[in-house]
Amino acid sequence: YVFWSLRYEWLFYCMLPLTALIAGHWPGWGYLALAIASLGVLLAIGRQPVHPASFLVGMISALLSRVDSFTRLARTSAASVIAVVSLVAAVALYPSPQDVVPFLLVGGVFVLLACGNTLWGSLTSPPSRRLGDLSYGIYLLHGLLLFALFTFILSRDQGRQLDAAWHWVAALSITPFLILLSAVAYRYVERPAIDRTAAVTAYWRRIVTRRRPVSVSDR
């Protein structure tokens, strides 16, 4: 069940008008009310601070990716070693990624990759780029295939009796089907939607540009 994360994504998007204030623009009372309400909901349901903190890591990455000196460091072999060691440590040494230390380790890896580190070119290879296209489908669909595996092929009682090694075998056995299903979803659902974003964006920009942006100082 991975859809729980989507609520945080939508709350984050609805909170974006607050960043307009930081940038010196007035978004309008309606958008501001939506943003404040979304912030209240986030504070109410955000029992795990790492969830909203993850968006902060994304913001930091976006800022650092514009700093040339940092991106040069992020693309070095030393940074690749740090990224691999940090990721292995986060997975091998900590039982939960929601603890502070593994969160910081994974967040650091994310920052390095977002700023141009390719792990010695492995992330820019054609297979990696293709899997990158399918990654959102893999993220959304893998739970459905695992559910089908442990409900219709193996019973839940059988699944509980498997040790960790056999769980890995079971997960790897459905990987080809997951890749195929994600490829179909990307070809017939995601890609057509992506191709329409330019037209949709242009439409909304025409609507927005009819109103002159109002700065906070003007008010």
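Residues numbered from 1 in each chain as written. Predicted model: local features only at pLDDT ≥ 70, side-chain atom pairs only at ≥ 80, totals over all residues. Heavy atoms only, no water.

**Here we look at the overall build of the protein chain**
Rules: By definition, any uninterrupted DSSP run of H or I lasting at least four residues is a helix, any uninterrupted run of E lasting at least two residues is a strand, and each is numbered from the N terminus. Partly exposed describes any residue whose relative accessible area lies between the buried limit of under 20% and the exposed limit of over 50%, with all areas from a 1.4 Å probe on protein chains only and scaled to the type maximum. We call two residues in contact when some of their heavy atoms are within 4.5 Å.
The helix and strand inventory of the protein chain stands at 12 helices and 2 strands. Counting from the amino terminus, helix and strand elements in the protein chain follow one another as α-α-β-α-α-α-α-α-α-α-α-α-α-β. Based on the C-alpha atoms only, the size of the protein chain along its principal axes is roughly 65 × 40 × 40 Å. When the 219 residues of the protein chain are sorted by exposure, 22% land in the buried category. Considering only contacts in the protein chain between residues 6 or more positions apart, those separated by 24 or more positions represent 66%.

**Looking at the nonpolar core**
Our working definition: Throughout this description, the term nonpolar core refers to a set of buried Ala, Val, Leu, Ile, Met, Phe, Trp, Tyr and Cys residues connected via side-chain atoms within 4.5 Å.
V50, V57, A74, A79, A83, F103, V109, V111, L112 and C115 together form the largest nonpolar core, which totals 10 residues. Elements with a minimum of two residues in this core: α4 (50–64), α6 (77–93) and α7 (100–114). In terms of residue count, the dominant contributor to this core is α7 (4 residues). Not counting residues up to four positions away in its chain, the partners in contact with V111 are V57, S61, L64 and F70.

**Examining the packing of aromatic side chains**
Threshold: When two rings of Phe, Tyr or Trp (its six-membered ring) have centres within 6.5 Å they constitute a pair, described as stacked for plane angles under 30 degrees, edge-to-face for angles over 60, and tilted for the intermediate range.
Considering all chains together, one arrives at 7 aromatic pairs under this definition. Here W26 and W29 contribute two aromatic rings whose centre-to-centre distance is 4.7 Å and whose plane-to-plane angle is 75 degrees, an arrangement assigned as edge-to-face. Between Y136 and Y139, the ring centres sit 5.8 Å apart and the planes meet at 35 degrees, which makes this aromatic pair tilted. Taken as a pair, Y136 and Y139 lie in helix α8 (residues 126–153) at a separation of 3 residues, close to a single helical turn. Owing to a relative accessible area of 36%, Y136 belongs among the partly exposed residues under this scheme. The class of Y139 is partly exposed, set by a relative accessible area of 26%.

**Some details on the pattern of salt bridges**
Counted only if it meets this: A carboxyl oxygen of Asp or Glu within 4 Å of a side-chain nitrogen of Lys or Arg is what we treat as a salt bridge.
For the coordinates displayed, the defined rule picks out 3 salt bridges. Put simply, R130 and D133 hold a salt bridge, and the shortest N to O gap is 3.7 Å. With R130 and D133 both in helix α8 and 3 residues apart, this pair spans about one turn of that helix. The class of R130 is partly exposed, set by a relative accessible area of 40%. D195 serves as the salt-bridge partner of R191, at 3.0 Å between the closest nitrogen and oxygen. Pair noted here: R191 and D195 are both in helix α11 (residues 175–195), with a separation of 4 residues, about one helical turn.

**Notes on the packing of α6 against α7**
Two quantities define a packed helix pair, namely the angle between the axes and the distance from one axis to the other. The criterion, for reference: Every axis in this analysis is a line fitted to C-alpha atoms, fitted for helices over the stretch in contact. Angles between the N-to-C directions lie between 0 and 180 degrees. Here is the rule for angles: anything less than 35 degrees is roughly parallel, anything more than 145 is roughly antiparallel, 65 through 115 is roughly perpendicular, and the remaining ranges are oblique. Handedness of a crossing follows from how the near helix is turned relative to the far one, being left-handed for an anticlockwise turn of less than a right angle and right-handed for a clockwise one. Nonpolar residues are Ala, Val, Leu, Ile, Met, Phe, Trp, Tyr, Cys and Pro. Charged residues are Asp, Glu, Lys and Arg, and all others, Gly as well, are polar.
Axis separation between α6 and α7 bottoms out at 9 Å; the angle between their running directions is 150 degrees. The orientation of α6 relative to α7 falls into the category roughly antiparallel. In terms of crossing hand, the pair formed by α6 and α7 is left-handed. For the pair formed by α6 and α7, the contact residues are A79, I82, A83, S86, L87, A89 and A90 on the first element and P102, L105, V106, V109 and L112 on the second. Residues of the contact of α6 with α7, tallied by class, amount to 11 nonpolar, 1 polar and no charged.

**What about α4?**
Condition: Working rule for helices: expected span equals 1.5 Å times residues minus one. Throughout, the arc means that of the directions going from the helix axis to the C-beta atoms.
Its 15 residues place the ends of α4 20 Å apart at the C-alpha level, agreeing with the 21 Å of an ideal helix rising 1.5 Å per residue. Taken as a whole, α4 has its buried residues at V50, H51, V57 and S61. The buried residues of α4 occupy one face: seen down the axis, they fall within an arc of 95 degrees. Buried residues in α4 make contact with α1 (4–14) and α7.

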